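Structural overview for review
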Amino acid sequence: MHDVTILPKTSTRPGTQRPKLYKVILLNDDFTPRVFVVKVLSGIFRMTESEAYGVMLTAHQRGACVVAVYTREVAETKVRNANDAGRAEGYPLAFTTERED
Ligand code: TYC
């Protein structure tokens, strides 16, 4: 009978690196039209219209909603593009990033 070695499926070696993750958060405001928020969410954050509508409505009702989680560069680029899209139309649409614990 031969021996069978079971290897761990994932590395548990100390020092294995995981990138820090950042939440993108959508903030409510009283001026940006709902349809515009949905358009930005689906265009920049790759959501379906109905996912985007749900996120928009949660931000509208509760004041803010987590959109997605990304590495820092990706989160910051998407937030800049989304905020610029609002500003280009004269809306105060605001996204921010927050480090995940
Ligand atoms: N509150 C806006 C309105 O009533 C719509 C809106 C929803 C704006 C979510 C921003 O993050 C937002 N027109």
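Read on for an overview of the structure. Please read these numbers as outputs of a predicted model, since none were measured by experiment.

**Structural notes on the pattern of salt bridges**
The full count for this structure, using the stated rule, is 3 salt bridges. The partner of Lys23 in a salt bridge is Glu98, and the shortest N-O contact between them spans 3.5 Å. Here Lys23, found in strand β1 (residues 21-27), pairs with Glu98, found in strand β3 (residues 94-99); they are 75 residues apart in sequence, far enough to count as distant. Since its relative accessible area comes to 16%, Lys23 is described here as buried. The closest approach of N and O atoms between Asp84 and Arg87, which form a salt bridge, is 3.5 Å. A residue pair is termed a helical-turn pair when its members lie 3 or 4 positions apart in one helix, as Asp84 and Arg87 do in helix α3 (residues 72-88) at 3 residues.

**Points about helix α1 (residues 34-44)**
When we look at burial in α1, the residues that qualify are Phe36, Val37, Val38, Val40 and Leu41. Looking at the residues trailing α1, positive phi occurs at Arg46, about 50°.

Rules behind the numbers
- Residues numbered from 1 in each chain as written.
- Predicted model: local features only at pLDDT ≥ 70, side-chain atom pairs only at ≥ 80, totals over all residues.
- Heavy atoms only, no water.
- Salt bridge = Lys/Arg side-chain N within 4 Å of Asp/Glu carboxyl O.
- Helix = DSSP H or I, 4+ residues; strand = E, 2+ residues; numbered from the N terminus.
- Buried < 20%, exposed > 50% of the residue type's maximum accessible area, 1.4 Å probe, protein only.

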